[in-house]
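# Overview (structure and organization)
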Amino acid sequence: MEHLWAPWRAQYIRESAAQPSVAVTPCFICNGLAQSQDRQNVLLWRRPHTVVYLNRFPYNNGHLLVAPTDHRASLLDFEAQDLLEPMETIQRCLTILQRTLNPHGYNIGINLGKTAGAGLPGHLHWHIVPRWEGDSNFMPVVANTKVIVESLEAFYDLWQTELKAIENRA
């Protein structure tokens, strides 16, 4: 088996292990929304009712998190009209990802509850994971090697450039 050094994953594991099982994990989505350091918080896009973050612990380059700005845990906590803007945001994210990274496909999903794999079970969010032919698997745990080919900072800049171009066309 090949091994790839990925130091950002160790930070995630340490932070997760340090949290007592009964403690409430601080919500990085809400914390980022309350601050103005979007680049530092890898907050890519603020919309009236939706926010887009880069995943700090990505499964692939361009791994995004799309979340309503309201801190609620489940799809069942929202009215149908509250989910329209997040869905439109996902569509726009796909447009930008297609233009910037040109993936062959995507995994888009929600992990509802800690048991389902939610790292932040208190704030509903969708994962958008770009995929390419030859990806070994969705979860790097099952793959022999996983390579993230671009830094979060470089992709953040690429995203912002494309977002501005799209907004200027509208």
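None of these values were measured; they are calculated from a predicted model.

## Notes on the overall build of the protein chain
A tally of helices and strands in the protein chain yields four helices and five strands. Listing every helix and strand of the protein chain by position from the N terminus yields α-α-β-β-β-α-β-β-α. Sorting the 170 residues of the protein chain into buried and exposed places 35% on the buried side. Taking all contacts inside the protein chain whose residues are at least 6 apart in sequence as the whole, residues at least 24 apart take part in 65%.

## Here we look at the environment of Thr-69
Within the secondary structure, Thr-69 sits in the loop between strand 3 (64–68) and helix 3 (84–100). Counting along the chain gives 23 residues from Thr-69 to Arg-46, while the straight-line C-alpha distance between them is 8.9 Å. Excluding its chain neighbours within four sequence positions, the residues that come into contact with Thr-69 are Leu-33, Arg-47, Pro-48, His-49, Thr-50, Val-51 and His-123.

## Structural notes on the pairing of strand 2 (residues 50–54)
Among the five residues that make up strand 2, five are buried, leaving the element largely enclosed by the rest of the structure. Both faces of strand 2 are covered, namely the face carrying Thr-50, Val-52 and Leu-54 and the face carrying Val-51 and Tyr-53. As judged from the three bridges shared by strand 1 (residues 43–46) and strand 2, these two strands associate in the antiparallel manner. Along strand 2, the bridge assignment pairs Trp-45 with Val-52. Count of turn residues in the strand 1/strand 2 antiparallel hairpin: three residues. The sheet contact formed by strand 2 and strand 3 spans five bridges and is antiparallel.

## Topic: the nonpolar core
Leu-44, Val-52, Leu-64 and Trp-159 are the most contacted members of the largest nonpolar core, which totals 21 residues. Put simply, the parts of the chain that give this core at least two residues each are strand 1, strand 2, strand 3, helix 3, strand 5 (126–131) and helix 4 (152–169). With near-sequence residues (within four places) excluded, Leu-44 lies in contact with Val-52, Tyr-53, Leu-54, Leu-64, Tyr-156, Trp-159, Gln-160 and Leu-163. Ile-29, Val-51, Leu-65 and Leu-120 belong to the second-largest nonpolar core, a separate cluster that totals eight residues.

## Description of the pattern of salt bridges
Close approach of charged atoms lets side chains of opposite charge pair. In the structure shown here, the tally under the stated rule is five salt bridges. A salt bridge links Arg-39 to Asp-157; its shortest N-O distance comes to 2.4 Å. Of this pair, Arg-39 sits in the loop between helix 2 (28–34) and strand 1 while Asp-157 sits in helix 4, and the two are 118 residues apart along the sequence. Assessed through its relative accessible area of 39%, Arg-39 is described here as partly exposed. When salt bridges with common partners are traced through the structure, they connect Asp-70, Arg-72 and Asp-82 into a single cluster.

## Examining the state of the cysteines
Scanning the model with the defined rule gives zero disulfides in all. We note that Cys-27 lacks a disulfide partner, and the nearest cysteine sulfur, in Cys-30, lies 3.6 Å from it. Classification of Cys-27 by relative accessible area gives buried; the value is 8%.

## Focus on the packing of helix 3 against helix 4
Interhelical geometry of helix 3 versus helix 4 gives an angle of 115 degrees and a closest axis separation of 10 Å. Of the two possible hands of crossing, helix 3 and helix 4 adopt the one that is right-handed. Taken together, the residues of helix 4 that come into contact with helix 3 (itself represented by Cys-93, Thr-95, Ile-96, Leu-97, Arg-99 and Thr-100) are Phe-155, Leu-158, Trp-159, Glu-162, Leu-163, Ile-166 and Arg-169. Tallied by class, the residues present in the contact of helix 3 with helix 4 amount to eight nonpolar, two polar and three charged.

Each value, and the rule that gives it
- Residues numbered from 1 in each chain as written.
- Predicted model: local features only at pLDDT ≥ 70, side-chain atom pairs only at ≥ 80, totals over all residues.
- Heavy atoms only, no water.
- Helix = DSSP H or I, 4+ residues; strand = E, 2+ residues; numbered from the N terminus.
- Buried < 20%, exposed > 50% of the residue type's maximum accessible area, 1.4 Å probe, protein only.
- Contact = heavy atoms within 4.5 Å.
- Pairing = 2+ DSSP bridges.
- Core = buried A, V, L, I, M, F, W, Y, C linked by side-chain atoms within 4.5 Å.
- Salt bridge = Lys/Arg side-chain N within 4 Å of Asp/Glu carboxyl O.
- Disulfide = S-S within 2.5 Å.
- Axes fitted to C-alpha atoms, helices over the stretch in contact; angles between N-to-C directions.
- Left-handed = near helix turned anticlockwise from the far one by under 90°.
- Nonpolar A, V, L, I, M, F, W, Y, C, P; charged D, E, K, R; others polar.

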